[in-house]
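Commentary on secondary and tertiary structure
Listed here are the chains, written in short residue letters.
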2 protein chains.
Amino acid sequence: MTAEEPKKTRSTAQKAVIRSALESEKRFVSAQQLHRTLEDQGHTVGLATVYRQLNSLSDSGHADSITIAEKQLFRACAQDEHHHHLVCENCGKAVEVEPPSEDWITTTARVHGFEVTRHMFEIFGLCAECAASAQSR
Amino acid sequence: MTAEEPKKTRSTAQKAVIRSALESEKRFVSAQQLHRTLEDQGHTVGLATVYRQLNSLSDSGHADSITIAEKQLFRACAQDEHHHHLVCENCGKAVEVEPPSEDWITTTARVHGFEVTRHMFEIFGLCAECAASAQSR
DNA sequence: TCCGCTAATGGTAACGTTTTTCATTAATAC
DNA sequence: GTATTAATGAAAAACGTTACCATTAGCGGA
Ligand SMILES: [Zn+2]
Ligand SMILES: [Zn+2]
Ligand SMILES: [Zn+2]
Ligand SMILES: [Zn+2]
């Protein structure tokens, strides 16, 4: 086996700007949404770079990603531990939640001869504000 | 408000064939996979029609759908009641599972001021066969 | 400070999936 | 049978995402 290369990465203005833009979002956003936001703020970052960075943040665990309506959305999460989300279907706002023990997952899987690799769980609804405005409409 | 039109739909050979093909699958399959299966069986059904029917089955609740690797997969589910799946990431085979009480979902949501509309939960892994063949590789 | 290496970028082309279009077919009602 | 129009299918368009590749620029060493 070859020795682990220290994988040299460089810090660039784009990385910083993308990361900070994502972190200032309390919603799940798509690459294109974030790209537009950056443009509006006067930053010039290529769309390809936004895609690359979001994927890399997601891979490294610095961002969570979910898929809604066949599009990938990203969010910088405060918690490092395993968690899930309560997402507003209207505005995208999300809250991190922790379900009760998930031990039954592996147990159930074993019963069926499955070996668990991952699981996904997301709750969708309307946040207080969106529910209120929907009612008054 | 206008009266509800009885929405007249017609029963066609294609609908029947697509629905029955889906029901005979114990796996989650994509529109393209199902289309190829139908071709192999000698049926001539347009790909667009397969897409249309799968979407409509999914909308009407006669089929469940999940997204793996940016592709939509469908499955005709035996259970009408609320349930979730244990899906093999390799072959798509799926088992219907029922998690323990999901009451905490609405409770937790309420704490955050959310009104729950739906939730999704899927377990991914490798079925016994796929796990075995992966190991021997 | 300059240099060399190469990671990173950004514009664009390519990609694969899904939807839309629209002329044609055929299911239903009369 | 005939009229009506839902449904189909082939092809084109749309869409989100990735790949390509020439160019830029971060960083370590001279
Ligand atoms: Zn979990
Ligand atoms: Zn909201
Ligand atoms: Zn559930
Ligand atoms: Zn399998």
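This text goes with the structure placed above it.
Quick word on the packing of aromatic side chains
In the structure shown here, the tally under the stated rule is 3 aromatic pairs over all chains. For the ring pair A:F121 and B:W104, a centre distance of 5.7 Å and an interplane angle of 50 degrees mean the geometry is tilted. Placement of the pair is A:F121 in strand β5 (residues 115-126) and B:W104 in helix α4 (residues 103-111), with the two residues belonging to separate chains. A connected cluster of aromatic rings, assembled from ring pairs, spans A:W104, A:F121, B:W104 and B:F121. The positively charged end of A:R118 is found above the aromatic ring belonging to B:F124, 4.0 Å away from the centroid.

Regarding the protein's contact with DNA strand C
DNA strand C sits among 22 residues. The nearest are A:T12, A:T49, A:R52, B:N55 and B:Q72. In DNA strand C, atoms within 4 Å of the protein come from the sugar-phosphate backbone in 67% of cases. At 2.8 Å from a phosphate oxygen of DNA strand C is found a side-chain nitrogen or oxygen belonging to A:T12. A distance of 2.9 Å is found between a phosphate oxygen of DNA strand C and a side-chain nitrogen or oxygen belonging to B:Y51. At the level of elements, α1 (13-23) and α3 (47-59) of chain A together with α3 (47-59) and β2 (71-75) of chain B are the ones that each hand at least two residues to the surface near DNA strand C. Tallied by class, residues from the surface near DNA strand C come to 4 nonpolar, 11 polar and 7 charged.

Focus on the sheet that holds strand β3 (residues 84-88) of chain A
Strand order in the open sheet made by the 6 strands is β4(A)-β3(A)-β5(A)-β5(B)-β3(B)-β4(B), with mixed pairing throughout. Single-partner strands in this sheet number two, and they are β4 (94-97) of chain A together with β4 (94-97) of chain B. Averaged over all pairs of adjacent strands, the angle between their axes in this sheet comes to 25 degrees, without regard to strand direction. Where strand β3 (residues 84-88) of chain B and strand β5 (residues 115-126) of chain B come together, 4 bridges link them in parallel fashion.

Some remarks on the protein's contact with DNA strand D
In the region of DNA strand D, 22 residues are neighbours, and A:R10, B:T12, B:G46, B:T49 and B:R52 sit closest. In the interface set of DNA strand D, defined as its atoms within 4 Å of the protein, sugar plus phosphate atoms amount to 64%. Here a phosphate oxygen of DNA strand D sits 2.9 Å away from a polar atom, N or O, in the side chain of A:Y51. Separating a phosphate oxygen of DNA strand D from a side-chain N or O atom of B:Q53 is a distance of 3.2 Å. At the level of elements, α3 and β2 (71-76) of chain A together with α1 (13-23) and α3 of chain B are the ones that each hand at least two residues to the surface near DNA strand D. Broken down by class, the residue content of the surface near DNA strand D amounts to 4 nonpolar, 11 polar and 7 charged.

Details of the packing of α1(A) against α3(A)
Residue and element names in this part refer to chain A. Look at α1 against α3: their axes get within 10 Å of each other, and the N-to-C directions meet at 65 degrees. Comparing their axes, α3 and α1 come out roughly perpendicular. Handedness of the crossing formed by α1 with α3: right-handed. On α3, the residues that touch Q14, K15, I18, R19 and L22 of α1 are T49, V50, Q53, L54 and L57.

Let's talk about the interface of chain A and chain B
At the interface, 35 residues of chain A touch 36 residues of chain B. Regarding the contact of chain A and chain B, the summed buried area is about 3,100 Å², with carbon and sulfur atoms giving 69% of it. Connecting chain A to chain B are 2 salt bridges. Here A:R118 and B:E89 are joined by a salt bridge, their closest N and O atoms 2.5 Å apart. Where chain A packs against chain B, one counts 14 residue pairs in polar contact (both at pLDDT 80 or more). When contributions to the side of chain A that touches chain B are tallied by element, the ones reaching two or more residues are β3, β4, α4 (103-111), β5 and α5 (128-136) of chain A. Split into classes, the residues belonging to the side of chain A that touches chain B amount to 20 nonpolar, 8 polar and 7 charged. The pairing of β5(A) with β5(B) spans 11 bridges and is antiparallel. Residue pairing in the sheet places A:G125 in a bridge with B:V116 of β5(B).

Scoring rules and cut-offs
Residues numbered from 1 in each chain as written. Chains lettered and ligands numbered in written order. Predicted model: local features only at pLDDT ≥ 70, side-chain atom pairs only at ≥ 80, totals over all residues. Heavy atoms only, no water. Phe/Tyr/Trp six-rings, centres within 6.5 Å; stacked < 30°, edge-to-face > 60°. Helix = DSSP H or I, 4+ residues; strand = E, 2+ residues; numbered from the N terminus. Lys NZ or Arg CZ within 6 Å of the ring centre and 35° of its normal. Near = heavy atom within 4 Å. Polar contact = N/O pair within 3.5 Å; in protein donor to acceptor, adjacent residues only side chain to side chain. Nonpolar A, V, L, I, M, F, W, Y, C, P; charged D, E, K, R; others polar. Pairing = 2+ DSSP bridges. Axes fitted to C-alpha atoms, helices over the stretch in contact; angles between N-to-C directions. Parallel < 35°, antiparallel > 145°, perpendicular 65-115°, else oblique. Left-handed = near helix turned anticlockwise from the far one by under 90°. Contact = heavy atoms within 4.5 Å. Buried area = accessible area lost by both parts, 1.4 Å probe. Salt bridge = Lys/Arg side-chain N within 4 Å of Asp/Glu carboxyl O.

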